[in-house]
Amino acid sequence: MKNVGILGFGKYVPEKIMTNADWEKLVETSDEWITSRTGIKERRFVVEGQGTSDLGVEAGKAALKDAGMTPEDVELIILATCSPDYRVQNCSSLIQKKLGAVNAAAFDLEAACSGFIFSLVVGQAMIQAGMYKRILVIAAESISKLIDMQDRNTAILFGDGAAAAVLGEVEEGYGIISSYMGTEGVDDGTLRIKAGGTLYPATVERVLNREIYVEMNGTDVFKFAVKALPHATKEAAKKGNIDLKDIDILFPHQANLRIIDAAAKRLGIPMEKVFINLQKYGNTSAASVGIAMAEALEEGKLKKGDLIALTGFGAGLTYGSLIMRWSK
Ligand code: COA
């Protein structure tokens, strides 16, 4: 089996900062409530005319630069997103065009906040199968365009951003060791956008009823997450014959500090080993784990040889984990 790992990595977040104080001006909330219930202090929002593809392109360029590659070197783009520029066509094709990745095929993978982990698993399998040598995996989201700006229960959680990884063969002893993907299918509004799809097309009435925005049962998602994150991480560790004590850094989906804290406790991983940056970006859905990894790299905290675990959960409900030895 080929050892598949990351040859280049990068992130991009939009410039506009939306603080808790900004939210206080829009809905009945407070910095104190948001900070104590979630850990989030601020998040980034795209501006009018900026789409998910624009974020993905910038993250993709950063990852290619880090890998010392050009867009022409990319053979396949896998984009993890649940906030594409258009309902139809795939957003990865827009990235392919804007990036000038003329030799690459491109498709989107929709697994909500688990999307980056799922995409890395798919990319790894395709390289191991001998189909491709260099795959650009991007996770990009502009959830700010999909939230109900009047709904304090949900809207304050989310932010926008992107991360990207160039996947390829790495030396023996490095790269992806094991992974686990899980799904607990629901169809009850636990976490979804109801209207605008084929079952409930976006009629004027549904738009006026605000059904085109994210709806969420926060309590149900919370309960799911505190079980799913540790379960996925334990399963991935078991498959890779890894002792969780040997994990150097855990990169959890940056949804809520209390969820991360509970998951880390269940895993017996001390919080000093858990990378957290949700205070700056909020929940950037599929992009959150990648943005956290990119920041750990920028801060010199993620180093060659580190054993790391990525773990996420999201709408669907999907969840997953991936363990790798960092190869750069
Ligand atoms: N500001 C002030 N008050 C708020 C608020 C806000 N932004 N949002 C909700 N409230 C209120 C609620 O209306 C409720 O009031 P009530 O008791 O009068 O009905 C009260 O705060 C408590 O709400 P509750 O739902 O019990 O809070 P919580 O401690 O469970 O925290 C979440 C709510 C959403 C932060 C939490 O459930 C959560 O993070 N869930 C997971 C969501 C998630 O991660 N989603 C993304 C998955 S990818």
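Predicted model, so just to flag it, every value in this text is computed and none were measured.

A.B. asks: I tried to follow the site of the ligand on my own but got confused; where do I start?
C.D. replies: Close to the ligand lie 24 residues; Thr29, Arg37, Asn153, Gly218 and Asn256 are nearest. One of the backbone nitrogen or oxygen atoms of Gly218 is found 2.9 Å away from a nitrogen atom of the ligand. Compared with its free state, where it exposes 960 Å², the ligand has 73% of that area covered by protein. Ranked by the residues each element gives to the shell around the ligand, the list is headed by helix α8 (residues 218-239), at four residues.

A.B. asks: What is the right way to look at helix α11 (residues 288-298) in this model?
C.D. replies: Owing to its 3.6 residues per turn, the α-helix aligns residues three or four sequence positions apart on the same side. Judged by how many residues are buried, α11 sits mostly within the fold: nine of 11 residues are covered. For α11, the complete set of buried residues consists of Ser288, Val289, Gly290, Ile291, Ala292, Met293, Ala294, Glu295 and Ala296. With its phi angle positive at about 75°, Gly300 sits one or two positions after the end of α11.

A.B. asks: What's the story with the packing of aromatic side chains in this structure? I'm lost.
C.D. replies: Aromatic ring pairs are reported here in terms of the distance separating the ring centres and the angle at which the planes meet. In the structure shown here, the tally under the stated rule is six aromatic pairs. Seen in terms of ring centroids, Tyr180 and Tyr319 are 6.1 Å apart; in terms of plane orientation they differ by 55°. Their pairing is tilted. A residue pair is termed long-range when its members are at least 10 positions apart, and Tyr180 in strand β8 (residues 175-183) and Tyr319 in strand β13 (residues 318-325) qualify at 139 residues. Ring centres of Phe251 and Phe275 lie 5.7 Å apart, and the angle between their planes is 40°; on these two criteria the pair is classed as tilted. Residue Phe251 is located in strand β11 (residues 249-252), and its partner Phe275 is located in the loop between α9 (257-267) and α10 (278-281); the two are separated by 24 residues in the primary sequence. Taking relative accessible area as the criterion, Phe251 reaches 0% and is therefore assigned buried. By way of ring pairs, the aromatic residues Phe9, Phe116 and Trp326 are connected into one cluster. Note that Lys194 overlies the ring of Tyr200, its terminal NZ or CZ placed 4.8 Å from the centroid. Against the face of Tyr174 rests Lys304, its NZ or CZ located 5.0 Å from the ring centre.

A.B. asks: Would you mind showing me how to read the sheet that holds strand β7 (residues 160-169) here?
C.D. replies: Strand pairing in a sheet is mediated by backbone hydrogen bonds. Such pairs are either parallel or antiparallel. The sheet built from five strands is open, its strands ordered β1-β7-β6-β4-β5 with mixed pairing. Two strands close off the open sheet at either side, each with one partner strand: β1 (4-12) and β5 (105-109). Between one strand axis and the next, the sheet turns through 20° on average, direction left out of account. Sitting on the sheet, α11 touches β1 and β7, and the angle it makes with β1 is about 90°.

Rules of the game
- Numbering of residues starts from 1 in each chain and follows the order in which that chain's sequence is written.
- Per-residue local features of the predicted model are confined to residues with pLDDT of at least 70, and side-chain atom pairs are confined, for both listing and counting, to 80 or more; whole-chain, interface and lining totals are unaffected and use all residues.
- Values shown for side chains rest on all heavy atoms present in the structure; no hydrogens or waters enter the calculation.
- Think of it this way: one heavy atom of a residue within 4 Å of a molecule or strand is enough to make that residue near it.
- In protein, a polar contact requires one atom able to donate a hydrogen and another able to accept it; more generally it is a pair of N or O atoms within 3.5 Å, and residues adjacent in sequence count only if both atoms are side-chain atoms.
- Only the protein chains shown count as cover for residues, and all accessible areas are computed by the Shrake-Rupley method using a 1.4 Å probe.
- Helix numbers and strand numbers start at the N terminus; a helix is a DSSP run of H or I with at least 4 residues, a strand a run of E with at least 2.
- When a residue's accessible area, from a 1.4 Å probe over protein chains only, is under 20% of the maximum for its type it is buried; when over 50% it is exposed; and in between it is partly exposed.
- Two rings from Phe, Tyr or Trp (for Trp, the six-membered ring) form a pair when their centres are within 6.5 Å of each other. A pair whose planes differ by under 30 degrees is stacked, one over 60 is edge-to-face, and the rest are tilted.
- Ring-over charges, as used throughout, are those where CZ of Arg or NZ of Lys falls within 6 Å of the ring centre and within 35 degrees of the ring normal.
- Two strands qualify as a pair provided DSSP detects at least 2 bridges between them.
- Every axis corresponds to a line fitted to the C-alpha atoms, with the helix fit spanning only the stretch in contact, and the corresponding angles, defined between N-to-C directions, vary from 0 to 180 degrees.
- Between two residues, a contact is recorded if the distance between any of their heavy atoms is within 4.5 Å.

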